[in-house]
Amino acid sequence: MAASEPGNADYEWEFIEPPASELDCEMCHNVLREPFLTTCCGSHFCQACVDPVVKEGKPCPSCGEGELTAFLDKKTRRKIFSLDVRCPMWRRGCKWVGELGDRSDHLDEKDGDCQFVDVSCSNACGGRVQRRELPTHLEQACPKRAYVCDYCPFEATFDVVTTQHWPVCGYFPLPCPNKCDVGRVERQNLEQHLKECSLQEVECDFS
């Protein structure tokens, strides 16, 4: 049963087998989330559905009895948590199937085993990638990865090297402003190169 179908619309998980109708909320008609049981007629409602009714002192939506009281039905919650579901990342390729109650462990960003869930970069660069892509991100794409300048031994994070160091690096290759055949010259040698460049304009001694 997909998450958009009746009886499961509020779940991001896809149940392997359609849950029994007795596990549906009698207000929203979706599979119960945090099932509450009424003391008047034994009806089941999601906590989010029944809380406003209780707070406002309204009668039971099922039987119409006086002021509604209800409590968390742990037995029914255990029954729902024992239902088999697919990982919500199955469309990305995750093959995991397990009990609904184990979903948090599977998707946990730090210790979970789902390779298709988005996780934060461990270098705190602000990026989020699928867990299976994290090693590549850390090695090749993360702006906060350790990086050694391509032209000298200076080492810092990639963003610092490329945006702060390269503009002042003495070994950074710069094009000759005269576009001579030499091509590129190290920054520290550019001044000397211009003194020798065959295309550099000079003042005529006889002007």
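The preceding data block contains the structure.
As the structure is a computational prediction, the values presented were derived from the model and not from experiment. (Residues numbered from 1 in each chain as written. Predicted model: local features only at pLDDT ≥ 70, side-chain atom pairs only at ≥ 80, totals over all residues. Heavy atoms only, no water.)

Participant: Mind showing me how you'd approach the overall build of the protein here?
Facilitator: Within the protein, the secondary structure is distributed over six helices and 12 strands. Taking 17 Å as the expected radius of gyration for a compact globule of 207 residues, we find that the protein reaches 33 Å, considerably beyond that expectation. Viewed in the frame of its principal axes, the protein has a C-alpha envelope of about 110 × 35 × 25 Å. In the protein, buried positions account for 35% of the 207 residues. For the protein, the accessible area works out to roughly 13,100 Å², and carbon and sulfur atoms hold 49% of it. Both charge centroids of the protein, one from 23 positive and one from 35 negative side chains, sit 3 Å from each other. (Helix = DSSP H or I, 4+ residues; strand = E, 2+ residues; numbered from the N terminus. Rg over C-alpha atoms; globule rule 2.2 N^0.38 Å. Buried < 20%, exposed > 50% of the residue type's maximum accessible area, 1.4 Å probe, protein only. Areas by Shrake-Rupley, 256 points an atom, 1.4 Å probe, with all protein chains shown as cover. Lys, Arg positive; Asp, Glu negative; His and termini not counted. Charge placed at Lys NZ, Arg CZ, Asp CG, Glu CD.)

Participant: It is not clear to me how the pairing of strand 2 (residues 35–38) should be interpreted in this structure. Could you clarify?
Facilitator: The side chains of a regular strand alternate between both faces of the sheet. Alternating positions in strand 2 separate into two faces, P35 and L37 on one and F36 and T38 on the other, with burial throughout. Sheet analysis places strand 2 next to strand 3 (residues 44–46), joined by three bridges and oriented antiparallel. Bridge pairing in strand 3 places P35 opposite C46. Connecting strand 2 to the antiparallel partner strand 3 that follows it, the hairpin turn spans five residues, and G42 within it adopts a positive phi of roughly 75°. (Pairing = 2+ DSSP bridges.)

Participant: What exactly am I supposed to notice about helix 1 (residues 47–55) here?
Facilitator: At 3.6 residues per turn, the α-helix brings residues three or four places apart onto the same side. Where helix 1 is concerned, the buried positions are C49, V50 and V53. Each buried residue of helix 1 sits inside an arc of 75° when the element is viewed along its axis, so together they form one side. Exposed side chains of helix 1 directed beyond 90 degrees from the buried face belong to A48 and K55. Note on helix 1: the residue one or two positions beyond its end, G57, has a positive phi of about 65°. (Arc of directions from axis to C-beta.)

Participant: Got a minute to help me understand the nonpolar core in this structure?
Facilitator: Side chains of nonpolar character tend, in soluble globular proteins, to be buried together. The biggest cluster of nonpolar side chains holds 29 residues, and the ones touching the most others in it are W13, I80, C87, M89, C94, L107 and C114. Take this core: its biggest share by element is three residues, from helix 1. Ignoring anything within four residues of it in the chain, the contact list for M89 reads C94, L107, C114, F116 and V117. The next biggest cluster of nonpolar side chains, apart from the first, holds 10 residues, and it includes Y147, V161, W166 and L174. (Core = buried A, V, L, I, M, F, W, Y, C linked by side-chain atoms within 4.5 Å. Contact = heavy atoms within 4.5 Å.)

Participant: Please explain the sheet that holds strand 1 (residues 14–15) as it appears in this structure.
Facilitator: Sheet strands line up and pair through hydrogen bonds in the backbone, either parallel or antiparallel. Strands sit in the order 1-5-6 across an open sheet of three strands; the sheet is antiparallel. Both outer strands of the open sheet, strand 1 and strand 6 (97–99), are each paired with one neighbouring strand and no more. Where strand 1 and strand 5 (residues 84–86) come together, two bridges link them in antiparallel fashion. Within strand 5, the residue paired with F15 across the bridge is V85.

Participant: What am I meant to see in the packing of aromatic side chains here?
Facilitator: Applying the stated criterion to the full structure yields four aromatic pairs. Between Y151 and W166, the aromatic rings sit 5.8 Å apart at their centres with planes inclined by 55°, giving tilted as the arrangement. With Y151 in the loop between strand 9 (146–148) and strand 10 (155–157) and W166 in the loop between helix 5 (158–165) and strand 11 (173–175), the pair connects residues that are 15 residues apart, well separated along the chain. Between W166 and F172 the ring centres are 5.6 Å apart and the planes differ by 45°, which places this aromatic pair in the tilted class. The same class applies to W166 and to F172, which are both buried. Put simply, the rings of Y151, W166 and F172 touch in pairs and so form one group of aromatic residues. (Phe/Tyr/Trp six-rings, centres within 6.5 Å; stacked < 30°, edge-to-face > 60°.)

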